[in-house]
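# Per-entry structural report
Chain residues, written in single-letter form:
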Amino acid sequence: MDVNKGLPATDSHRGLHVWIIENLRMAPVPEKAYGNFFEEHCYIVLHVPQSLKATQGACSDLHYWAGKEAGAEAQDAAEAFVQQLQETLGGATVQHREAQGHESDCFRSYFRSGIIYRRGGLASALTHVETNLYNIQRLLHIRGRKHVSAAEVELSWSSFNKGDIFLLDLGKVMIQWNGPETSIPEKARGLALTCSLRDRERGGRAQIGVVDDEVEATDLVRIMEAVLGCRVGNLPATRPDKSVNQLQKASVRLYHVCEKDEDLVIQELATCPLTQDLLREEDYYILDQGGFKIYVWQGRLSSLQEKKAAFSRALRFIQAKGYPTYTNVEVVNDGAESASFRQLFQSWSTKQRGNKNFGRPSKSIQVRPDVGKLRSQPELAAQLRMVDDASGKVEVWCIRDLGRQPVDPERHAQLCAGNCYLVLYTYQRMGHVQHILYLWRGHRATTRDVKALNCNAEELDLMYRGALVQEHVTMGSEPPHFLAIFQGQLVVFQGHTGHDGKEQPAPATRLFHVQGTDSCNTRTVEVPARASALNSHDIFLLVTASVCYLWFGKGCSGDQREMARTAVSAVSGENKETVLEGQEPPGFWEALGGPAPYPGNKRLPEDVSGFQPRLFECSSHMGHLVLTEMVFFSQEDLDKYDIMLLDTWQEIFLWLGEAASKWKKEAADWGQEYLKTHPAGRSPATPVVVIKQGHEPPTFTGWFLAWDPYKWTNDQSYKEVVDGSLGAMPAICEITAVSTGFSRPAPPPSRLPPGSRLGRQDPDGQNGQERSQALVDGRVCSGGKRPSGLSVASPWEPLLHTPSLSPLSEQELNDFQLSRGPSNGGADPLTLQTLKGSQDGSGNERQPGPKAGDASTNSHHSSPRPTISGSLPRQRLMHQAVEDLPEGVDPARKEFYLSDSDFQEIFGKSKEEFYSMAKWRQQQEKKQLGLF
């Protein structure tokens, strides 16, 4: 195979490219078909970040996807093409190996509407033949929470279960059946996929029915039974969820890989927490995340041969470990690592070893930020972790005796390590009052006090009608905005405040450590009064009964000294004596119990430049946290049913959708579980912020490319969509119930039962009853099998052609009737008439003409005429007005009555060829020939 001959060009202006491997060549997939994957093929998907924000430290992602029925030759070709594309694109590319049904979150994030697995293979040479658009009958099994997928399954009730969603697709009628154990978020996302299928494959010209309760949706269930047969027995229970939880992902092991005498030698180097310095640029490593995912890291100096063998080595490793063959593989290059790979390490610096940073250089945060820009630049607010300039109103309560007691404003900045505090900050943004409630916990606080802290926070939240943003803060890990509230004068004393509100008696000698250079990062904390607590790069205040020493280490800066003089005023008063390191008086060392060694190294701030924010959907399975990542996230990934976790490395945000607020108590625990089970060994003191929908601070919204505060103003719930939007569509088909052989009008859409909404949207404002192939010539197709003589449409066809539809007549609308009569396992005549009314409308479909002498021809259309026996001369049909046609001729189907020889001579094709064309093309030709 010559790989170079099959390598296509890429469009740099498009973010996503999809190719299918056909005849060992790469062929582009039409954009309308993105998200559809045939099981017998392999695909290559290239994602190139387009937005400026997405390119911050991000690289291109190159995936090869293998269907479960794809052959080994096709998989080898896909891998070869990926290697060739990798060389063309350069080193700033992450390679992925994907298997059907087990795709990575990164891959699934490209297809927001969902992934459709289609049986079989694509027509040879990608020939897109225009055939019947609505000639379809299939059952789709819809699964997933945030990333939805749908797979074709057997057209039978045996495919159903209680916990999933199934879509019976009959071309012009689409019925979504929701299992009784499915949640509202699953139903809503399933409906989004159904609507996407309707819009992409049918141009919006299909009716959607939703079965939430079979008792309330008997009409729709009867249609299902006409296709699937009568259901026997009970449905099976929900299949076990095999979601990988956060605890399983916590296990990581790093292996060094090399070849020795043609044998692959793999040696374990380390387990979590991993450090970046373990990776050497001349070597090659495999990182195993508990069998959930395999990463291959290639040093910049590793050989080209090693790089080409990346996937094959990973597969050999997977086989040796006994992992499933579908285990996801990600290949990363030195300096172009993915965000998920970097977060497996305790720290990551883009500057380490002079690595080339293929993404946009990280921004350096200035020491004295311009807080005046925070209101207009939420991105800056997020990076600085400052919602505003901290000039708002501050209220402080101390938790005592399970209740909260207000703290004197003069002592707001004086906290005790043995207590818990509530700090309420009120400010204005965009003309609205906003609130942040900090839940501060001292290192020596009891479990009883921590529980009381959370309970009192909930009480305050109820008082403010759920409008409080709650941030859990641990002593020593206070965010910049919290420190700025106290203008750099925060002092944390050891001990605790008693029941009377007074502190414990203070010892005669106390030592305070002063850290910070400005009001946004300065705190003063009491430490043990001994010489070993000192540090040459910091400032300390030693308080004795007679004098206070302000000690400046040799390595402290002028900003530190200036800030310290202000910060310690609340502790020392005016009686201070400045002492420089190395010039201490005897009384200084005597107060500390004598000289002792102390550290002289400077504590560098944590380098977070190598980490990117990551957004996850949260759920719980078997008592453990399960996360689904939204890669390349945006505000569109948040909806009212979600609990989302945004990890910015320095803070953990938990966003609660309006319909998920009942999980608020669990959300804070999920944040702690995430930190405890993180493979990088994250600090449990990392602040956790709980936010409710509609009350997002700029420190959260600034991490999104764009934020619309009015996005959810008119947001509809799932029930409102089903009850209102589907039923209120302009082209809604009113369902007529039939029980005694005659039809009666259905109630208006607003009164239809919620479980039996049946609607569609027609962008062109046209209505139509259309064929679903469930019934052909009055016969039900059982088991999804196509009757002989029917041609099979090209698999791409539903995604490429969207013709307009002709309006329905009143009679055609009335033809769509639903039977409530008894069923014996088959379809009664009225139910068959229902399906036939769904099939025989106008649209882009193949409509076989009647055979001569067929007395049933066109019997269900408006203004029925007696049928004609035999053929008619062309002169009596061509260019004739309706009133001049022979009796019994349908004016909309004049060509039906031509003889085969006349038809061939006039149209230049046989009737079979003509009726295999799209309906709109049939009409075009008939207009040109005077037969329309």
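## A short note on the overall build of the chain
In terms of regular secondary structure, the chain is built from 23 helices and 40 strands. Here the chain holds 932 residues, and the buried ones make up 55% of them. For the chain, the share of sequence-separated contacts (at least 6 apart) that also reach a separation of at least 24 residues comes to 68%. Total accessible area on the chain is roughly 40,000 Å²; 49% of this is exposed by carbon and sulfur atoms.

## Digging into the pattern of salt bridges
Summed over the entire model, instances satisfying the criterion amount to 39 salt bridges. Residue Arg 202 is joined to Asp 169 by a salt bridge in which the shortest nitrogen-to-oxygen separation is 2.7 Å. Separated by 33 residues along the polypeptide, Arg 202 in helix α3 (residues 184-202) and Asp 169 in strand β10 (residues 165-169) bring together distant segments of the chain. The exposure class assigned to Arg 202 is buried, which follows from its relative accessible area of 0%. Of the residues examined, Asp 169 reaches a relative accessible area of 0% and is grouped as buried. For the salt bridge of Arg 280 with Asp 283, the shortest nitrogen-to-oxygen distance reads 2.6 Å. Residue Arg 280 is classed as partly exposed on the basis of its relative accessible area, which comes to 43%. It is possible to trace a salt-bridge network through shared partners that takes in Arg 145, Lys 146, Arg 189, Glu 617, Asp 639 and Asp 642.

## Some words on helix α1 (residues 72-89)
For α1, with 18 residues, the first-to-last C-alpha span of 26 Å sits near the 26 Å given by 1.5 Å per residue. For α1, the full list of buried residues reads Ala 74, Ala 77, Ala 78, Glu 79, Phe 81, Val 82, Gln 83, Leu 85 and Gln 86.

## Examining the confidence of the model for the chain
Low pLDDT marks regions whose predicted coordinates should not be analysed in detail. The predicted model of the chain averages 79 in pLDDT, with 77% of residues at 70 or higher. Across residues 52-56, confidence stays below pLDDT 50; counting only partners more than four residues off in sequence or on other chains, it has 12 contacts. Within the model, the stretch residues 124-132 combines pLDDT values under 50 with 33 contacts to residues more than four positions away or in other chains.

## Let's talk about the side chain of Lys 894
The topology assignment puts Lys 894 in the loop between α20 (829-839) and α21 (900-907). Buried and unpaired, Lys 894 has no salt bridge, with Glu 895 as the nearest side chain of opposite charge at 8.6 Å. At a separation of 2.8 Å, a polar atom in the side chain of Lys 894 contacts the main-chain carbonyl oxygen of Gln 880. Setting aside residues up to four positions removed in sequence, Lys 894 forms contacts with Leu 877, Gln 880, Leu 885, Gly 930, Leu 931 and Phe 932.

## Digging into the sheet that holds strand β13 (residues 253-260)
The pairing of strands in a sheet happens through backbone hydrogen bonds and is either parallel or antiparallel. Read from one edge to the other, the open sheet built from 10 strands follows the order β2-β1-β4-β5-β6-β17-β16-β15-β13-β14, with strand pairing classed as mixed. The two strands at the open ends of the sheet, each matched to only one other strand, are β2 (25-28) and β14 (263-271). Between one strand axis and the next, the sheet turns by 25 degrees as a mean value, whatever way the strands run. In the packing of α1 onto the sheet, contacts are made with β1 (16-22), β2, β4 (42-47), β5 (60-66), β6 (93-99) and β17 (328-333), and the angle to β5 comes to roughly 170 degrees. Contacts from helix α7 (residues 310-321) reach β5, β6, β13, β14, β15 (284-289), β16 (293-298) and β17, with the element oriented near 45 degrees to β15.

## Some details on the environment of Pro 597
Inspection of the secondary structure assignment puts Pro 597 in the loop between α14 (586-591) and β30 (614-621). Its relative accessible area of 74% is what places Pro 597 among the exposed residues. Taking C-alpha positions, Pro 597 is 7.2 Å from Ala 531, a pair spaced 66 residues apart along the chain.

## Observations regarding the packing of aromatic side chains
Inspection of the entire model under this criterion finds 45 aromatic pairs. Here Trp 65 and Tyr 117 contribute two aromatic rings whose centre-to-centre distance is 6.5 Å and whose plane-to-plane angle is 10 degrees, an arrangement assigned as stacked. Of the two residues, Trp 65 sits in strand β5 while Tyr 117 sits in strand β7 (residues 115-118), which places them 52 residues apart along the sequence. Plain terms: the ring middles of Tyr 549 and Phe 588 are 5.6 Å apart, the flat faces sit at 90 degrees to each other, and that makes the pair edge-to-face. Of this pair, Tyr 549 sits in strand β28 (residues 548-552) while Phe 588 sits in helix α14; the two residues are 39 residues apart in sequence, bridging distant segments of the chain. Using a relative accessible area of 8% as the deciding quantity, one classes Tyr 549 as buried. The class for Phe 588 is buried, based on a relative accessible area of 1%.

## Concerning the environment of Gln 716
In this fold, Gln 716 is placed in the loop between α16 (698-701) and α17 (718-725). Each C-alpha atom, one on Gln 716 and one on Lys 640, is 9.4 Å from the other, the two residues being 76 residues apart in sequence.

## Thoughts on unusual backbone geometry
Here the amide bond leading from Cys 272 into Pro 273 is cis, since omega sits at 0 degrees, within 30 degrees of zero. If you trace the backbone, Pro 273 turns up in the loop between β14 and β15. Although it is not a glycine, Asp 401 adopts a positive phi angle of roughly 55 degrees. In this structure, His 879 is a non-glycine residue whose phi angle is positive, near 60 degrees. Topologically, His 879 is positioned in the loop between α20 and α21.

## Quick look at the sheet that holds strand β29 (residues 576-580)
Judged by pairing direction, the sheet is mixed, and its 7 strands sit side by side in the order β20-β24-β26-β25-β27-β28-β29 without closing on themselves. The sheet is open, and its two edges are formed by β20 (414-416) and β29, each paired on a single side. Geometrically, the sheet is characterised by an average inter-axis angle of 25 degrees between neighbouring strands, direction not taken into account. The sheet contact formed by strand β27 (residues 539-543) and β28 spans 5 bridges and is antiparallel. Looking at the pairing, Leu 541 lines up with Leu 550 of β28.

## Topic: the pairing of β2
By the bridge criterion, 4 bridges tie β1 to β2 in an arrangement that is antiparallel. Paired with Ile 21 across the two strands is Met 26, which belongs to β2. Once β1 ends, the chain turns through 2 residues before running back antiparallel as β2, passing Asn 23 with a positive phi of about 55 degrees.

## Concerning the pairing of β30
Remember that side chains alternate between the two faces of the sheet whenever the strand is regular. In terms of residue burial, β30 counts as a mostly covered element, since 6 of its 8 residues are buried. Pairing geometry for β30 and strand β32 (residues 643-647), over 4 bridges, is antiparallel. If you follow Glu 617 over to β32, its bridge partner there is Met 644. Relative to strand β31 (residues 624-630), β30 runs antiparallel, the two being bridged by 7 bridges. Each residue of the ladder has a partner; that of Ser 619, found in β31, is Val 626. In this structure, the hairpin formed by β30 and β31 is closed by a connection of 2 residues, where Met 622 is found at a positive phi of approximately 55 degrees.

## Things to note about the environment of Cys 548
Inspection of the secondary structure assignment puts Cys 548 in strand β28. Owing to a relative accessible area of 7%, Cys 548 belongs among the buried residues under this scheme. Linking Cys 548 and Val 579, residues 31 residues apart in sequence, is a C-alpha distance of 9.9 Å. In this structure, Cys 548 is in contact with Leu 541, Leu 542, Val 543, Ser 572, Asn 575, Lys 576 and Glu 577, ignoring residues within four places of it in sequence.

## Quick word on helix α10 (residues 447-463)
Look at α10: 25 Å from first C-alpha to last across 17 residues, which is about the 24 Å you get at 1.5 Å a residue. Restricting attention to buried positions, one finds in α10 the residues Asp 449, Val 450, Ala 452, Leu 453, Asn 456, Ala 457, Leu 460 and Asp 461.

Reading the values: rules and limits
Residues numbered from 1 in each chain as written. Predicted model: local features only at pLDDT ≥ 70, side-chain atom pairs only at ≥ 80, totals over all residues. Heavy atoms only, no water. Helix = DSSP H or I, 4+ residues; strand = E, 2+ residues; numbered from the N terminus. Buried < 20%, exposed > 50% of the residue type's maximum accessible area, 1.4 Å probe, protein only. Contact = heavy atoms within 4.5 Å. Areas by Shrake-Rupley, 256 points an atom, 1.4 Å probe, with all protein chains shown as cover. Salt bridge = Lys/Arg side-chain N within 4 Å of Asp/Glu carboxyl O. Expected span 1.5 Å × (residues − 1). pLDDT = per-residue confidence, 0-100. Lys, Arg positive; Asp, Glu negative; His and termini not counted. Polar contact = N/O pair within 3.5 Å; in protein donor to acceptor, adjacent residues only side chain to side chain. Pairing = 2+ DSSP bridges. Axes fitted to C-alpha atoms, helices over the stretch in contact; angles between N-to-C directions. Phe/Tyr/Trp six-rings, centres within 6.5 Å; stacked < 30°, edge-to-face > 60°.

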